[in-house]
Amino acid sequence: MFKSLIFFIRYFLFWLLYFAVDRFIFLLIFKQKLSDIGFSEKIATFYHALRLDASMAAYINAIPLLFFTFQFLITKQEINFKWLKIYNRVLLVLFSLIAVINFNIYREWGSKINARALGFAISTPNEALASSASSPILLTVFIFIILLLTGWYLENYWVKRKVFITKVTLPIKLLASVLLLGINFLLIRGGWGTAPNSQSMAYFSENQVLNHASLNTEWNLVSSILASKKVDSNPYIYMDKEKAATQTKALYQTSSDTTIKVLKTDKPNIVLFILESFTANLTYTLGQEKNITPNFDSLAHKGLLFSQIYATGNRTDKGVIGTLAGYPTLGSGSIVKWPEKMQKIPAISQSLHQNGYVNSFFYGGESEFDNYKAFILSHDYQLLVDKNSFDKKDMNSKWGAYDAIVFNRQIQEAKNFKQPFFSTILSLTNHEPFEVPGEHKFGSQDNVAKFKSTAYYTDSCIASYLNEAKKQPWYRNTLFIFIADHGHILPKNKYDIFDPQRYHIPMLFYGEVIKDEFKGKQINYTGSQQDLAATLLAQLNLKRDQFKWSKNLLNPNIKHFAYFSWDNGFGFIENDHCVTFDNVGKSILYNNHPNDRNSTNQILTKGKAYLQSAYQNFIKL
């Protein structure tokens, strides 16, 4: 019996060592983010990881243990585990692959591999490959080989193939089997206390990279997949539901529902550009970056710029929903995964169509990616132009057609549009792997240079588009709106996923339809991407009460705030005070006024109430 116990102890040690190697490589890859962290705190990740590492090892051990139990009860002398070598090596290949994918996802998203990323890869593999094309391929392959060979070596050294059984009575066998199965179950669960294992068990540091290093990658992925199936319960319960709803509703209450009219007409044509990764930090006007977006900066001095706008999330699907539907993000969830719910939320396109507008949507990529097509077709767009509408010769990038081709296509189609029209253009060139037709303006030595180059290219496409649009009879009666889908870590390459600057984006109204006294002006109220819906509809004298999560930025009486979220975290900004919060570690990650405790507590409470209410609304849809 003692030999059996030694067998499983060795088996556990093998998997714990493998997870430790994975963790060590993770820390090496992101060592620049840990340059100011002491050695002892880095080493502590291995200790704090043990609970979830052991839980994952126990999950893996379940099948061998069940096999052992059956054989133990019927075999007298020897149990042969030859098949375990195949079992282990299949898992090692799978886990090594998950590990290298995780490294690259973390580099781009700031979060570990989860159900969302896995679903992305399975449902749209071409787009997933395009998105990962900027990852260092040789390094990825090298790390995969290192992990795999290390795992195989450890497996050969630590895992035995046979267990010899001493003769014991059946009652002793039954007792031993129950004991082993019970121990394994407790390891999976994390003990016999009231709180089972969760991601927060691995969190111990104020540094998020260390917390994520401590969090077992495979355990987190399994947990994320299981959690993604649950949409009937709110994972973000911080307070009484009525209190959360009341606090959230108060954010949108005003003393007077009025608006500053900045347009010369109530029925302009509208061309809305949703610009891929066009973060405020790319511009000189908002980010002090020179020569990347000269055309946009020029337009900002001729149009009406909303300078303190924040994206709702960190991915395009969230940005599209936030911009067109004025709907908030849901922490780790995304409404695009549930088309039956997504169809129930309102959109700008619907309001405009009901008031005589003809709607069109232009995108050079695959519109079925992340359920864009389901949203577009269920929200009164009469024309959808995507990659399937272009010639094969135009599919020159990994994502599809370059921005110049798509922008020009809209110009050609607009010649036949009945006015007034609403046309949405979703750009894509400024996306990983940052490809451009021709040479990169800033070189291609690294992702920063390539990102600047693709942004410069998109900016030049905007200028070319407007030059051509000026020749069209509909130009003088058209409002052009430019907004980013989300922010980006580049080009500054220093803002973590929880930093508000990561979500700062431009929003610009431009065109001859803007009153002269507002041209070149800035609106400096703190606002959200979600607020475009109410702001635009108010200018058109259209009903906007169905957009309950959107406020009119041109109403002088509104409260100045913005909310954003990422996987299991959120941020809330009120005026110039921002607090971001990690739902797993239950800790504040960012606070630009830490000494103002009263304001900090109020903002944190509002953010919690907002996320709780948003998710509760999602459940009810």
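Everything below is about the structure shown above.
Quick caveat: nothing in here was measured; it's all calculated off a predicted structure.

## Here's the deal with the overall build of the chain
- Across its full length, the chain carries 21 helices and 15 strands.
- A globule of 621 residues ought to have a C-alpha radius of gyration of about 25 Å, and the chain, at 27 Å, matches this closely.
- Projecting the C-alpha coordinates of the chain onto the three principal axes gives extents of approximately 95 × 55 × 45 Å.
- A burial count over the chain gives 57% of its 621 residues as buried.
- Considering only contacts in the chain between residues 6 or more positions apart, those separated by 24 or more positions represent 76%.
- Entry remark: accessible area of the chain is about 26,100 Å², with carbon and sulfur atoms responsible for 57%.
- When the 65 positive and 48 negative side-chain charges of the chain are each reduced to one mean point, those points stand 6 Å apart.

## Considering the pairing of strand β3 (residues 269-275)
- The buried fraction of β3 is high, at seven of seven residues.
- Neither face of β3 is left uncovered, since the one carrying Asn 269, Val 271, Phe 273 and Leu 275 and the one carrying Ile 270, Leu 272 and Ile 274 both have all their residues buried.
- Pairing between β3 and strand β8 (residues 478-484): seven bridges, direction parallel. Bridging from a neighbouring strand, Val 271 pairs with Phe 480 of β8.

## Looking at the packing of aromatic side chains
- Per the stated rule, a full pass over the model turns up 54 aromatic pairs.
- Ring geometry for Phe 7 against Phe 81: centres 4.6 Å apart, planes inclined by 25°, an arrangement best described as stacked. Residue Phe 7 is located in helix α1 (residues 2-29), and its partner Phe 81 is located in the loop between β1 (78-80) and α4 (84-109); the two are separated by 74 residues in the primary sequence. Pair check on accessibility: Phe 7 and Phe 81 agree, each one buried.
- Ring centres of Trp 83 and Tyr 87 lie 5.8 Å apart, and the angle between their planes is 65°; on these two criteria the pair is classed as edge-to-face.
- On the basis of relative accessible area, Trp 83 is assigned to the partly exposed category, the value being 29%.
- Accessibility expressed as a relative area gives 18% for Tyr 87, which makes it buried.
- Counting every residue linked through ring pairs, the aromatic cluster contains Phe 7, Phe 8, Phe 67, Phe 68, Phe 72, Phe 81, Trp 83 and Tyr 87.
- Positioned above the aromatic ring of Phe 390 is the side chain of Arg 409, whose terminal nitrogen or guanidinium carbon lies 5.2 Å from the ring centre.

## Considerations on the side chain of Thr 600
- By the secondary structure assignment, Thr 600 is in helix α21 (residues 597-620).
- When its relative accessible area of 5% is taken as the criterion, Thr 600 is described as buried.
- A polar contact of 2.8 Å, which involves the side chain of Thr 600, links it to the backbone oxygen of Asp 596.
- Excluding anything up to four places from it in sequence, Thr 600 contacts His 577, Val 579, Ile 588, Asn 591 and His 593.

## Remarks on the sheet that holds strand β13 (residues 569-574)
- Taken together, four strands build an open sheet; the order of strands is β12-β13-β14-β15 and the sheet is antiparallel. Only two strands of the sheet have a single partner each, and these edge strands are β12 (561-566) and β15 (587-591). Neighbouring strand axes in the sheet, compared pairwise and without regard to direction, differ in orientation by 20° on average.
- Judged from the four bridges that link them, strand β14 (residues 577-582) and β15 form a sheet pairing that is antiparallel.

## Let's talk about helix α11 (residues 241-251)
- Among the residues of α11, those classed as buried are Ala 244, Thr 248 and Leu 251. Across the axial projection of α11, the buried residues extend over an arc of 45°, all falling on one side. Among the exposed residues of α11, those oriented more than 90 degrees off its buried face are Glu 242, Thr 246 and Lys 249.
- The secondary structure elements touched by the buried residues of α11 are β12, β13 and α21.
- Backbone nitrogen of Glu 242 and a side-chain oxygen of the N-cap are separated by 3.0 Å at the start of α11; the cap is Asp 240.

Conventions and cut-offs
- Residues numbered from 1 in each chain as written.
- Predicted model: local features only at pLDDT ≥ 70, side-chain atom pairs only at ≥ 80, totals over all residues.
- Heavy atoms only, no water.
- Helix = DSSP H or I, 4+ residues; strand = E, 2+ residues; numbered from the N terminus.
- Rg over C-alpha atoms; globule rule 2.2 N^0.38 Å.
- Buried < 20%, exposed > 50% of the residue type's maximum accessible area, 1.4 Å probe, protein only.
- Contact = heavy atoms within 4.5 Å.
- Areas by Shrake-Rupley, 256 points an atom, 1.4 Å probe, with all protein chains shown as cover.
- Lys, Arg positive; Asp, Glu negative; His and termini not counted.
- Charge placed at Lys NZ, Arg CZ, Asp CG, Glu CD.
- Pairing = 2+ DSSP bridges.
- Phe/Tyr/Trp six-rings, centres within 6.5 Å; stacked < 30°, edge-to-face > 60°.
- Lys NZ or Arg CZ within 6 Å of the ring centre and 35° of its normal.
- Polar contact = N/O pair within 3.5 Å; in protein donor to acceptor, adjacent residues only side chain to side chain.
- Axes fitted to C-alpha atoms, helices over the stretch in contact; angles between N-to-C directions.
- Arc of directions from axis to C-beta.

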